[in-house]
Amino acid sequence: MSTTYALELKDVRKNFGKTEIIRGVNLAVQAGERVAVIGPNGAGKSTLFNLISGRFGPTSGDILLNGQAIQHKKPYEINRMGLSRSFQITNIFPKLSVFENLRCAVLWSLGYKYTFFKFLSGLKDANERAEQLMDMIHLDKKRDVLAMNLTYAEQRALEIGVTIAGGADVILLDEPTAGMSKSETSRFIRLIKDVTVGKTLLTVEHDMGVVFGLADKIAVVVYGEVIAFDTPEAVRANAKVQEAYLGSSVADSQAGGH
Amino acid sequence: MSAVYQFKPYNVGRWVIWSLFALLLLLAPLVFTSNLSTTMLAQMGIAIIACLSYNMLLGQGGMLSFGHAVYTGLGSYMAIHALNAVTEGRLNIPVSLLPLIGGLTGMGFAILLGYVTTRKSGTPFAMITMGVAELVFAMSLMFSEFFGGEAGVSGNRVAGDAFWGINYGPQIQVYYLIAAYTFVCVALMFAFTQTPLGRILNAVRDNPERVEFIGYNTQRVRYLSFIIAGFFAGIAGGLGALNFEIVTAEVVGAGRSGAYLLFTFLGGATFFFGPIIGAILMVIAFVLLSELTKAWLLYLGLVFLFMVMYAPGGIASLIMMNLRVAKFGKLRQIWTSYLGLALTAFVMLAGAGAMIEMVYHLQLNSALGDTVKFMGATLNAKGLDSWFGCAFVMLTGLGSFELLRRQYMVEWGAIQTEIEKEIKRRETAV
């Protein structure tokens, strides 16, 4: 039996004008794996996420979600097939309450589509799921607060909540801890671990402590290519990676006792 | 912000509000009994439906449409043609149902034209609606069989068989027909805001990009909402046709579309009930203010300008902000400021109004002499002392208003911080 990967990229390329940003990426992620995508600024990590989630179409190459090609699909079609993503810059619904943000995010997955013949208050499953999500991301005390009035850390949590709400199996998190303090980050990583149990997770991350703590595998992106994709130990030992990117930061983190 | 998001199984407050609304519609013509007021009440009902349907786009969907009159207007035309068909015996439906023909027409054209319009959002959306509105208005001049040319299309609403003695001859019968439609349409449009599509429409307004990543096609959300808004707009148009018994090309014109935008905004687009206030003001402005002064459009423009700058949430948000202050028992601290602000504003407006009236008098009525009567005073439009006096009154008003406003803003800020503290305290107490 040939294995079907949860997410597979085959020679994916993306040009913006004449500039080649993604230069032939190959990546195969198995179901349930937690993958950290690391690389220097401008390496193309966010672009890669945008290509996978359908924000842009790739110039060439195939992207397969559970074996099905998604490279020409719209973001909402990809989402319906079971892939959900978060954003580096918080991207929620500012004038809706925490509860409404989450309820909006669960509606499609529960099959309510564009219906206008049912009252939201009568959708028991949607309301229960939204309440449950609110507990999971520890915002149950902020139920009726508008998203724009939350603190930054709370907005980041809501961003994760909206992302996982639809129950997608493949989750992409684009720098979930960006802009957070050290203590917030460690709490937040625990939260991410909790809410993504059993799911395939890809996350862009800068904090090396987080990367080695969270990930089963690490993908190193440099200049639009994946130069290594392996377990943390193997990546740490990889000469190419050390030369191209990690170098001093690995030495630092080892010295720091990570 | 835009609604109370609690789902209690039995919401007492809501029942009270809707009963009061029904009662108000029922009793209004018994309190205001003159012919003029019955006519105005009927127009208010129509305007309420039109503005609420417009706000489905503006306030709830973030779609700034410059062409909503297309859907009300075409609804009006189809309804009056249907009325004439009933009169001539070619069509056999009760007159009471003609507004539904208007509604279906509005919906039909929204399906057709909205398909193009709602492919875009933001500025391109606004531009396309404007283009469509111009297109339809140009057509109204070309196809005079349907649009009736300069004279428009007239009809007689006393048509078909009378039902329980109701033949819609007297204005009061038409009022109650309009009131019934108003109640049902307002209820349905409110219900829409409580459905999955209605809520996703809010999400599309807030952040269309993210909506695409939670499984929804934003174009589809806008398109469906546009069609529903078109339906209610058409009903308003159909009621207008029955009320006036004549439909002229101005009902699809840019002026009408602009009025919907202006008064919906003035009433408050962020709250469901805002456009109702706007609609009532619209009828008052068009019927009463235009009688009172020739400069009414200028005053309207000034009010609009003032609101956009200082109260972008419209009258509804001003009410809600002060209700919040009242709820925390702090309205007592600022009511004297309100009194002062109102007085100084009145002085300022009296001075400015007198000068505006004098300018209009010189431009339009100078043959009638130089004297202008304004709020009981006799002014000489060519006299230096009149101008000097008016300017003095206006500047005094303006100066003291500005001083009071600054003081008021400080008080307001202090009260808001107190309220925030109070909320925090209650939160931690729980």
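Caption draft 1: Representation of the overall build of chain B in the model. Within chain B one finds 16 helices and four strands. Here the C-alpha radius of gyration of chain B, 24 Å, is about what a compact globule of 430 residues would show, namely 22 Å. If one aligns the C-alpha atoms of chain B with their principal axes, the spans along those axes are about 70 × 65 × 45 Å. Expressed as a percentage of its 430 residues, the buried residues of chain B come to 42%. In chain B, 78% of the contacts between residues at least 6 apart in sequence involve partners at least 24 apart.

Caption draft 2: Quick look at the overall build of chain A. Assigned secondary structure in chain A consists of 10 helices and 10 strands. Over its C-alpha trace chain A gives a radius of gyration of 19 Å, about what one expects of a compact globule, namely 18 Å for 258 residues. Expressed along its principal axes, the backbone C-alpha trace of chain A runs to roughly 60 × 40 × 40 Å. Taken over 258 residues, chain A has a buried fraction of 44%.

Caption draft 3: Up close: the interface of chain A and chain B. With 34 residues of chain A at the interface, the matching set in chain B holds 26 residues. Of all elements in the fold, only helix H2 (75-80), strand E6 (83-85) and helix H3 (98-107) of chain A reach the threshold of two or more residues within the side of chain A that touches chain B. The dominant element in the side of chain A that touches chain B, judged by the number of residues it contributes, is H3 of chain A, at five residues. Its residues assigned to classes, the side of chain A that touches chain B comprises 18 nonpolar, 10 polar and six charged.

Caption draft 4: Region of the structure containing the confidence of the model for chain B. Across chain B, pLDDT averages 91, with 97% of residues at or above 70. Across residues 1-8 of chain B, where pLDDT falls below 50, the model places 15 contacts with residues more than four positions away in sequence or in other chains.

Caption draft 5: Region of the structure containing helix H14 (residues 314-327) of chain B. Residue and element names in this part refer to chain B. Given a rise of 1.5 Å per residue, 14 residues ought to cover 20 Å, and the 20 Å separating the end C-alpha atoms of H14 matches this to within 8%. Residues of H14 that are buried include every one of Gly314, Ala316 and Val325, and no others. Considering only its buried residues, H14 is in contact with helix H11 (254-267), helix H12 (274-292), helix H13 (296-310) and helix H16 (384-429). Looking one or two places after H14, you find Gly329, whose phi comes out positive at around 65°.

Caption draft 6: Inspection of the packing of helix H2 (residues 35-61) of chain B against helix H7 (residues 171-193) of chain B at higher detail. Residue and element names in this part refer to chain B. H7 packs onto H2 with a crossing angle of 20° between their chain directions and a minimal axis gap of 9 Å. In terms of orientation, H2 lies roughly parallel with respect to H7. In the packing of H2 onto H7, the handedness of the crossing is left-handed. Grouping the constituent residues of the contact of H2 with H7 by class yields 16 nonpolar, nine polar and no charged.

Caption draft 7: Geometry of the domain arrangement of chain B. Residues and elements named next belong to chain B. Taken domain by domain, chain B comprises domain 1 (12-313) and domain 2 (328-429). Averaged C-alpha coordinates put domain 1 and domain 2 at centres separated by 33 Å. At the junction of the two partners, domain 1 supplies four residues and domain 2 supplies four residues.

Caption draft 8: Quick look at the environment of Ala187 of chain B. Following the sequence through the fold, Ala187 of chain B ends up in helix H7. Along the backbone, Ala187 of chain B and Gly240 of chain B are 53 residues apart, and their C-alpha atoms lie at a distance of 20 Å.

Caption draft 9: Representation of the sheet that holds strand E2 (residues 19-29) of chain A in the model. Residue and element names in this part refer to chain A. Taken in spatial order, the four strands make up an open sheet running E2-E1-E4-E5, and their pairing is antiparallel. Edge positions in the sheet fall to E2 and strand E5 (68-69), since each has one partner strand and no second. Alignment of strand E1 (residues 7-16) against strand E4 (residues 60-65), held across five bridges, turns out to be antiparallel. Considered in E4, the bridge of Arg13 is made with Ser60.

Caption draft 10: Spotlight on the packing of H2 of chain B against helix H10 (residues 218-244) of chain B. All names here are of chain B. Between H2 and H10, whose axes approach to 9 Å, the crossing angle comes to 165°. With respect to H10, the element H2 is oriented roughly antiparallel. In this structure, the crossing between H2 and H10 has a hand that is left-handed. Residues Ala42, Gln43, Ile46, Ile49, Ala50, Leu52, Ser53, Met56, Leu57 and Gly61 of H2 form the contact with H10, whose own contacting residues are Arg222, Ser225, Phe226, Ile228, Ala229, Phe232, Ala233, Ile235, Ala236, Leu239, Gly240 and Asn243. Counted by class, the contact of H2 with H10 contains 15 nonpolar, six polar and one charged residues.

Caption draft 11: Structural context of the domain arrangement of chain A. Residues and elements named next belong to chain A. As assigned here, chain A comprises domain 1 (1-82 + 168-258) and domain 2 (91-167). The C-alpha-based centres of domain 1 and domain 2 are spaced at 26 Å. Contact with domain 1, which involves 13 residues of that partner, is made by 12 residues of domain 2. Elements with a contribution of two residues or more to the side of domain 1 that touches domain 2: H2 and helix H6 (182-195). Of all the elements, H6 adds the most residues to the side of domain 1 that touches domain 2, at five residues.

Caption draft 12: Representation of the sheet that holds E6 of chain A within the structure. Residues and elements named next belong to chain A. Sheet architecture is open: six strands sit in the order E6-E7-E8-E3-E9-E10, paired in mixed fashion. With one partner strand each, in any of the chains shown, E6 and strand E10 (225-230) form the two edges of the open sheet. When strand polarity is set aside, the average angle formed by the axes of neighbouring strands in this sheet is 15°. For strand E9 (residues 217-222) and E10, the ladder comprises five bridges, and the chain directions are antiparallel. Residue Val222 lies in a different strand from E10, and its bridge partner there is Glu225.

Caption draft 13: Here's a closer look at the pairing of strand E3 (residues 34-38) of chain A. All names here are of chain A. Most of E3 sits inside the fold, with four of its five residues counted as buried. By the bridge criterion, four bridges tie E3 to strand E8 (residues 200-204) in an arrangement that is parallel. Note that in E8 the partner of Val35 across the bridge is Leu202. Direction of pairing for E3 relative to E9: parallel, over a ladder of four bridges.

Caption draft 14: View of unusual backbone geometry. The backbone of His138 of chain A shows a phi angle near 60°, a positive value even though the residue is not glycine. Relative to the assigned elements, His138 of chain A resides in the loop between helix H4 (124-136) and helix H5 (152-165). On the basis of neighbour count, His138 of chain A is assigned to the partly exposed category, with 13 C-beta atoms found within 10 Å. A positive phi is found at Glu245 of chain B, a non-glycine position, where the angle reads about 60°. Assignment of secondary structure puts Glu245 of chain B in the loop between H10 and strand E2 (246-247).

Caption draft 15: Geometry of the pairing of E4 of chain A. Residue and element names in this part refer to chain A. Where E4 and E5 come together, two bridges link them in antiparallel fashion. Directly across from Leu65, in E5, lies its bridge partner Gln68. Where E4 folds back onto E5 in an antiparallel hairpin, the turn is made up of two residues, including Asn66, whose phi is positive at roughly 50°.

Parameters and conventions
- Each chain carries its own residue numbering, running from 1 in the written order of its sequence.
- Whichever chain is written first is A, and whichever ligand is written first is 1; the rest continue in order.
- Given that the model is predicted, a residue must reach a pLDDT of at least 70 before its local features are reported, and side-chain atom pairs must reach 80 or more before they are shown or counted; all residues, however, enter totals for whole chains, interfaces and linings.
- We count a stretch as a helix when DSSP gives it H or I for four or more residues in a row; a strand needs E for two or more, and each element gets its number in order from the N terminus.
- Both definitions apply: the radius of gyration is a C-alpha atom measure, and the globule rule equals 2.2 Å times residues to the power 0.38.
- Partly exposed residues are those falling between the two cut-offs: more than 12 but fewer than 20 other C-beta atoms within 10 Å of their own, whereas 20 or more means buried and 12 or fewer means exposed, with C-beta atoms placed from the backbone.
- Residues are treated as contacting if the C-beta atoms built from their backbones sit within 7 Å of each other.
- When residue character is reported, Ala, Val, Leu, Ile, Met, Phe, Trp, Tyr, Cys and Pro are called nonpolar, Asp, Glu, Lys and Arg charged, and the others, Gly included, polar.
- Every residue carries a pLDDT, the predictor's confidence in it, which falls somewhere between 0 and 100.
- Helix span, expected: 1.5 Å multiplied by one less than the number of residues in the helix.
- The convention used is that axes are lines fitted to C-alpha atoms, helices contributing only their stretch in contact, and that angles between N-to-C directions extend from 0 to 180 degrees.
- Our angle categories are set so that under 35 degrees counts as roughly parallel, over 145 as roughly antiparallel, 65 to 115 as roughly perpendicular, and the remainder as oblique.
- Crossings are assigned a handedness: left-handed for a near helix turned anticlockwise from the far helix by less than a right angle, right-handed for a clockwise turn.
- All domain edges in this entry derive from an automatic or database-based domain assignment.
- Two strands qualify as a pair provided DSSP detects at least 2 bridges between them.

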